[in-house]
Amino acid sequence: MYVYYSEIFKKHTPPFRHPEAPDRLDYVIKGVVEAGGVVKEPKMREDAWRLIYSAHDKSYVEYVKRLCGAGQAEIDGDTYVSAGTCDAAALAVSAVMEALDKRETALVAARPPGHHAGFAGRALTAPTQGFCIFNTAAIGALYGGDGIAVVDIDVHHGNGTQEMLYERDLLYISTHQHPATLYPGTGYPDEVGTGRGEGFNANLPLPPGTGDDLYIKAIDEVVLPLLRQYDPRAVIVSLGWDAHKDDPLADLALSLKGYLYALSAILSLQKPTIFLLEGGYNREVLQRGTKALVRLVAAGDFRPEETQTDSPPHVARRYEEIIQEVRRHLGRYWRL
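Residues numbered from 1 in each chain as written. Predicted model: local features only at pLDDT ≥ 70, side-chain atom pairs only at ≥ 80, totals over all residues. Heavy atoms only, no water.

J.: I'd love a proper account of the packing of helix α1 (residues 23-34) against helix α9 (residues 283-299), names of residues and values included.
T.: Orientation of α1 relative to α9, taken along the N-to-C sense of each, is 35 degrees, at an axis distance of 7 Å. In this structure, α1 meets α9 at a crossing whose hand is right-handed. Between α1, through D23, R24, Y27, V28, K30, G31, V32 and E34, and α9, the contact on the second element is made entirely by R283, L286, Q287, T290, K291 and V294. Looking at side-chain class alone, the contact of α1 with α9 contains five nonpolar, three polar and six charged residues. (Axes fitted to C-alpha atoms, helices over the stretch in contact; angles between N-to-C directions. Helix = DSSP H or I, 4+ residues; strand = E, 2+ residues; numbered from the N terminus. Left-handed = near helix turned anticlockwise from the far one by under 90°. Contact = heavy atoms within 4.5 Å. Nonpolar A, V, L, I, M, F, W, Y, C, P; charged D, E, K, R; others polar.)

Next up, the structure:
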């Protein structure tokens, strides 16, 4: 498995102390090196900006470009732009397209993240952009076209990706902390898509405190059945490590065992899979998780090196209520 990485991704720099900072990638690459992974420098595509313009509102893209030209600015209280942001974002898009074109399984160790960025930047339902500039996963899905699936396992719902794919018959699946308890407040089970996209948008909101035991059930009961029935040509995984129990910004309780179970389930489809870095703010988890992922892809090595986490009884009861709601809404379109 190639790991697409460039120092350009670190040129997106915050104007103040920020959890989404360039050093996140240092820990990702440490994990790659420890696992014996191969790092590949992506090439900037001539059509990168055309692809960005084709997915995002023109006025928003021009606005971001002006901010990059200014050198340092804030879009909102959470999201910033620096002189290097535009190059980093365009190269991230280029890396995903290169992996899709080559039909290979790869990790794109890029930033800025993107899954909260909608058509006009900020998704319609969100108060902020959640650290995101352009929606690399959605741009990749739209570029790939028919048969592309996006699986979002960041702890936050990918509201921007949902918005951009909501009327498309491209499968979008998101597992995330319940929106009543966490930003961006979207991702309920009844959000199933509309028009051509009706039934192709699947949300699995998980109660705070959800551990590996229930997460594994969610993969077995919903995620894997949906993927097998859709039978994608390729999968883009919006990979956020912030559902881990040690992440400082949320309240799910996964260990790397839960993560590796989900990732191995996706890989079992034996389809080209692009893992795209989104969230994850505990640096040690970024390093250990990346190391485990590279080993898993390269050699089928399922070695989480963490003890499984189990959910308390009240969380398990809430999970069963939610999963019944998920089945009620998605069962009209899929066998669950």
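J.: Kindly report on helix α7 (residues 212-230), identifying the contributing residues and their values.
T.: Look at α7: 25 Å from first C-alpha to last across 19 residues, which is about the 27 Å you get at 1.5 Å a residue. The largest bend in α7 amounts to roughly 40 degrees and is located at I219. Directly after α7, the chain includes D231, whose backbone phi takes a positive value near 55 degrees. (Expected span 1.5 Å × (residues − 1). Bend = angle between axes of the 7 residues up to and from the residue.)

J.: Which residues make up unusual backbone geometry, and what values go with them?
T.: For the bond from R111 to P112, the omega torsion is 10 degrees, close enough to zero to count as cis. For P112, the position within the fold is in the loop between β5 (106-108) and β6 (117-118). The omega torsion of the bond from Y183 to P184 falls at 5 degrees, within 30 degrees of zero and hence cis. Structurally, P184 can be placed in the loop between β9 (171-177) and β10 (201-206). Positive phi values are uncommon outside glycine, yet F131 reaches one of about 80 degrees.

J.: Can you break down the sheet that holds strand β12 (residues 273-277) residue by residue, with the values?
T.: Spatial ordering of the open sheet is given by β2-β1-β5-β12-β11-β8-β9-β10, a layout of eight strands whose pairing is parallel. Each edge of the sheet is formed by a strand with only one pairing partner; in this case those strands are β2 (38-40) and β10. Here the average twist between neighbouring strands, direction ignored, is 20 degrees. Inspection of the sheet shows strand β8 (residues 148-152) paired to strand β11 (residues 234-239) by five bridges, in the parallel sense. Bridge pairing in β11 places V151 opposite V237. α1 contacts β1 (2-4), β2, β5 and β12 of the sheet and is inclined by roughly 140 degrees relative to β12. This element, helix α8 (residues 256-267), spans β8, β11 and β12 of the sheet and lies at about 165 degrees to β11. (Pairing = 2+ DSSP bridges.)

J.: How would you explain the state of the cysteines if you had to name every residue and give the values?
T.: Taken as a whole, this structure holds one disulfide when the rule is applied. Disulfide partner of C68: C86, at an S-S distance of 2.2 Å. Taking the torsion about the sulfur-sulfur bond, which here is approximately 90 degrees, the covalent link between C68 and C86 counts as right-handed. Placement of C68 in helix α3 (residues 58-70) and of C86 in helix α4 (residues 85-102) is noted, with a sequence separation of 18 residues between them. The residues C68 and C86 share a single accessibility class, namely buried. (Disulfide = S-S within 2.5 Å. Buried < 20%, exposed > 50% of the residue type's maximum accessible area, 1.4 Å probe, protein only.)

J.: Describe the packing of aromatic side chains, with residues and values.
T.: Enumeration according to the criterion identifies seven aromatic pairs in this entry. Ring plane angle 90 degrees and centroid distance 5.8 Å describe the contact between F200 and W334, whose orientation is recorded as edge-to-face. Here F200 is found in the loop between β9 and β10, whereas its partner W334 is found in the segment after α10 (313-330), with 134 residues between them in sequence. For W334, a relative accessible area of 11% gives the class buried. One aromatic cluster in this structure is built from W49, Y60 and F134. Its guanidinium or amino end placed over the ring of Y2, K40 lies 4.6 Å from that ring's centre, counting from NZ or CZ. A cation sits over an aromatic face here: K65 above W49, 4.4 Å from the ring centre. (Phe/Tyr/Trp six-rings, centres within 6.5 Å; stacked < 30°, edge-to-face > 60°. Lys NZ or Arg CZ within 6 Å of the ring centre and 35° of its normal.)

J.: Which residues make up the pattern of salt bridges, and what values do they have?
T.: Inspection of the entire model under this criterion finds 22 salt bridges. Residue K10 is joined to D26 by a salt bridge in which the shortest nitrogen-to-oxygen separation is 2.7 Å. Here D26 lies in helix α1 and K10 lies in the loop between β1 and α1, a separation of 16 residues in the sequence. Assessed through its relative accessible area of 30%, D26 is described here as partly exposed. (Salt bridge = Lys/Arg side-chain N within 4 Å of Asp/Glu carboxyl O.)

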